[in-house]
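Architecture at a glance
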Amino acid sequence: MKILMDAGPWLPVPPPGYGGLENVVATLTAELRAREHTVVLASVGDSTLPVDGLVSAFPTGRFEQLGGPYPQVVGTAHAHEQVALATLAEHALAGEPFDLVHSHVEVVGPALLAGLGDAAPPTLATLHWDTGRNADFWATFDGGGRVWFAGVSDTQVAQAPAQLRGQVVGVVPLSVPVDGPPPARRTDRSDAVLVLARLCEAKGIDTALRSCRAAGVPLVLAGPVGGLPDREALEAALATPGHPACSHPDVAWFLEHVEPHLDGVTARWVGSVGGAAKDELLRTSRAVLFPVRWEEPGGTAVCEALAAGTPVVAMARGCLPSLVDDGRTGFLAADEAGFTAALNRLDEIDPEACAAEARRRFAPAVMADGYERLYGETLARARRRSRPRLPAPRGQRALR
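Naming follows an unreviewed UniProt entry, where the protein appears as Glycosyl transferase group 1 of Geodermatophilus obscurus.

Things to note about the nonpolar core
Of all hydrophobic cores here, the largest spans 66 residues; its most connected members are L219, L221 and L289. Broken down by element, this core gets its largest block of residues, six residues, from helix 11 (residues 300-307). Judged by nonpolar contacts, the second largest core, of 28 residues, contains I3, L100, V172 and Y371.

Examining the domain arrangement of the protein
Domains assigned within the protein are domain 1 (2-175 + 363-386) and domain 2 (186-358). For domain 1 versus domain 2, the separation of C-alpha centres amounts to 27 Å. If you look at the interface, domain 1 gives 20 residues, while domain 2 gives 24 residues. Buried surface at the junction of domain 1 and domain 2, both sides included, amounts to about 1,600 Å², of which 60% is carbon and sulfur. Between the two partners, domain 1 and domain 2, sit five residue pairs in polar contact (both at pLDDT 80 or more). Those elements that provide at least two residues to the side of domain 1 that touches domain 2 are helix 1 (20-34) and helix 5 (154-158). Of all the elements, helix 1 adds the most residues to the side of domain 1 that touches domain 2, at three residues. Tallied by class, residues from the side of domain 1 that touches domain 2 come to eight nonpolar, ten polar and two charged.

Some details on the layout of surface pockets
Approximately 510 Å³ is the volume attributed to the second largest pocket. If you trace the second largest pocket, you find 24 residues lining it, with P177, K278, D279, L282 and E304 closest to the centre. Of the residues forming the lining of the second largest pocket, the biggest block, five residues, is contributed by helix 10 (residues 275-284). Classifying every residue of the lining of the second largest pocket by side-chain character gives eleven nonpolar, eight polar and five charged. Lining the lining of the second largest pocket are residues from two domains, each supplying at least three of them: domain 1 (2-175 + 363-386) and domain 2 (186-358).

Quick word on the pattern of salt bridges
Summed over all chains, the structure comprises 24 salt bridges. When the shortest N-O distance is used, the salt bridge between E372 and R35 registers 2.8 Å. You can see E372 sitting in helix 15 (residues 364-384) and its partner R35 sitting in the loop between helix 1 and strand 2 (38-43), a full 337 residues away along the chain. A salt bridge links E296 to K203; its shortest N-O distance comes to 3.1 Å.

Re empty space enclosed by the protein
Summed over all chains, the structure comprises one cavity of 30 Å³ or more. Forming the boundary of the largest cavity are S103, H104, V105, E106, P110, A125, T126, L127, W129, W138 and F149. Looking at the lining of the largest cavity residue by residue, the class counts come to seven nonpolar, three polar and one charged.

Description of the state of the cysteines
Under the definition given, this model contains zero disulfides. For the unlinked cysteine C319, the closest cysteine sulfur is that of C303, found at 7.8 Å. Relative accessible area serves as the criterion here: at 0%, C319 is assigned to the buried category.

Some words on the sheet that holds strand 6 (residues 147-151)
One open sheet accounts for seven strands, arranged 3-2-1-4-5-6-7; its pairing is parallel. Looking at which strands have only one partner, the edges of the open sheet turn out to be strand 3 (54-56) and strand 7 (168-171). Here the average twist between neighbouring strands, direction ignored, is 20 degrees. Pairing analysis gives five bridges linking strand 1 (residues 2-6) to strand 2, with the strands arranged parallel. From the neighbouring strand, M5 faces strand 2, where its bridge partner is L41. Here helix 2 (residues 70-93) sits on the sheet and contacts strand 1, strand 2, strand 3 and strand 4 (100-103); the angle it forms with strand 1, its principal contact strand, is near 170 degrees.

Looking at the side chain of H104
For H104, the position within the fold is in the loop between strand 4 and helix 3 (108-116). Owing to a relative accessible area of 2%, H104 belongs among the buried residues under this scheme. There is a polar contact of 3.5 Å between the side chain of H104 and the side chain of H102. Residue contacts for H104: discarding those within four places in its chain leaves M5, D6, A7, L21, V25, T126, H128 and W129.

Notes on the environment of C246
Along the chain, the position of C246 falls in the loop between helix 8 (231-238) and helix 9 (249-257). The spatial distance from the C-alpha of C246 to the C-alpha of L306 is 36 Å, given a sequence separation of 60 residues. Every residue in contact with C246, bar those within four places of it in the chain, is listed here: A237, L238 and T240.

Let's talk about the pairing of strand 6
Burial of strand 6 is extensive: five of the five residues sit out of reach of the surface. Alternating residues of strand 6 divide into V147, F149 and G151 and W148 and A150, and every residue in both groups is buried. Relative to strand 6, strand 5 (residues 123-126) is paired through four bridges, and the arrangement is parallel. By the bridge assignment, T126 is partnered in strand 6 with A150. With helix 4 (residues 135-140) bridging strand 5 and its parallel neighbour strand 6, the resulting β-α-β unit is right-handed. Taken together, the three bridges between strand 6 and strand 7 define a ladder with parallel strand orientation. When the sheet's bridge partners are listed, G151 is paired in strand 7 with V171.

Re helix 10
Side chains of residues three or four places apart in an α-helix project in the same direction, reflecting 3.6 residues per turn. Here helix 10 has its buried residues at K278, L281, L282 and T284. Elements that come into contact with the buried residues of helix 10 comprise helix 1, strand 8 (193-196), strand 9 (219-222), strand 11 (288-290) and helix 11.

What counts, and where the lines are drawn
Chains are numbered independently. Their residues run from 1 in the order of the written sequence. Restriction of local features to residues with pLDDT of at least 70 applies here, the model being predicted, together with a cutoff of 80 or more for giving and counting side-chain atom pairs; totals for whole chains, interfaces and linings are based on all residues. The side-chain figures draw on all heavy atoms in the structure; neither hydrogens nor water molecules are used. Side-chain atoms within 4.5 Å link the members of a nonpolar core, which is a set of buried Ala, Val, Leu, Ile, Met, Phe, Trp, Tyr and Cys residues. Relative accessibility thresholds used throughout: buried, under 20% of the residue-type maximum; exposed, over 50%; partly exposed, between the two (1.4 Å probe, protein chains only). A run of H or I in DSSP counts as a helix once it spans at least four residues, and a run of E counts as a strand once it spans at least two, with each numbered from the N terminus. Note that the domain bounds reflect an automated or database-derived domain assignment. Any two residues having at least one pair of non-hydrogen atoms within 4.5 Å are treated as being in contact. A 1.4 Å probe defines the accessible area here, and the buried area is the portion of it lost by two parts on being joined, summed over both. Polar contacts, as used here, are pairs of N or O atoms within 3.5 Å; protein pairs need one atom able to donate a hydrogen and one able to accept it. Residues neighboring in sequence count only if both atoms are side-chain atoms. Asp, Glu, Lys and Arg are counted as charged, while Ala, Val, Leu, Ile, Met, Phe, Trp, Tyr, Cys and Pro are counted as nonpolar; the rest, among them Gly, fall into the polar class. Grid points spaced at 1 Å and placed over the protein atoms alone form the basis of the search, with a cavity being a set where a 1.4 Å probe fits but cannot get out and a pocket an open set showing protein on both sides within 12 Å along at least five of seven lines. Lining residues have an atom within 4 Å of a point. Grid points are joined across faces, edges and corners, and a volume is the space filled by probe spheres set on the points. Here, a salt bridge means any side-chain nitrogen of Lys or Arg that lies within 4 Å of a carboxyl oxygen of Asp or Glu. When two cysteine sulfur atoms are found within 2.5 Å, that pair is recorded as a disulfide. Each pair of strands is called paired provided DSSP finds at least two bridges between the two strands. The axes used here are C-alpha line fits, helices contributing only the stretch in contact, and every angle between their N-to-C directions lies in the interval 0 to 180 degrees. Classification remark: right-handed applies to a crossover when, strands pointing away from the viewer, the course from the first strand over the helix to the second runs clockwise.

Encoded structure:
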């Protein structure tokens, strides 16, 4: 099968640090190519993932722009999609059309592809986000039998508007590499716990700070703030008049609720991490924390933690109850008091059980199996619901 894998314009694939969506795309694409699918990637120019072709509108990621004014953000997404659509047209004209588009671009990707009707290949769009943030769009969107959707968790799909749920062909949980070294022993781990996420209110970073302080557990925060990878980048942005960070709500929240509590010892921010540095943090932390205060749809970092044999402590919201086996691979809490109490029970969790569960449930082959099934279902549904040729105005060609 020939697939256009559209990862969007925000971060390279794989990302150097933060980037759950891009990590998922990298993992899935590698597995699909190993199964002899042809995959062309639509991303940014500095993506390094081995693929059968790379197309891009921008040389580097535009992640920092996500906190900027709406016209700038949506304009960036459309510029990227224009290149993706041009790629579809070029391959079709060359007699080598794509069989399917797998889109990971929120709203803009499905909207533009559906608008093309039968001129575009059948499309499967993965929902990586809480659909509530674009509820009006999802409540009315009609893929016209060409665009269909995959959820990343049952809870995400259950909470989606009915119009969208009717166009979901299935759910494929996220996947991460699971072939790393054996879990580190307790004696080889630090005393600190880890948060691997964007540092923002929705991720409950302030809850992690208070709980760790109450439990006497050191905390390491690893992730970007307002799209900025580390303190140096944040300070430079704030010193630049008109930079999007100056008005980014995540930056303002971080400066008020997180920054005052960072002392470099009991609580420290190490910025975005990737590659070997991230692997080492995951393997040597006592636990990874997810004190979320929103309905987390996917939870890539949860899978990464368990694959490293590291227990997870999470709020029982969104997809987290489906990923964490309470009392076996981590703990689920209903409130901050329960979250704090769980930090005193970390030694009850067997790292080998965490890693074994990750290998069983979150291996790349499991995700690829799921998507191959949904690709087949998408193609079948598109064939059944192909729209008839529309009559053309006099003097024009008929459109499909």
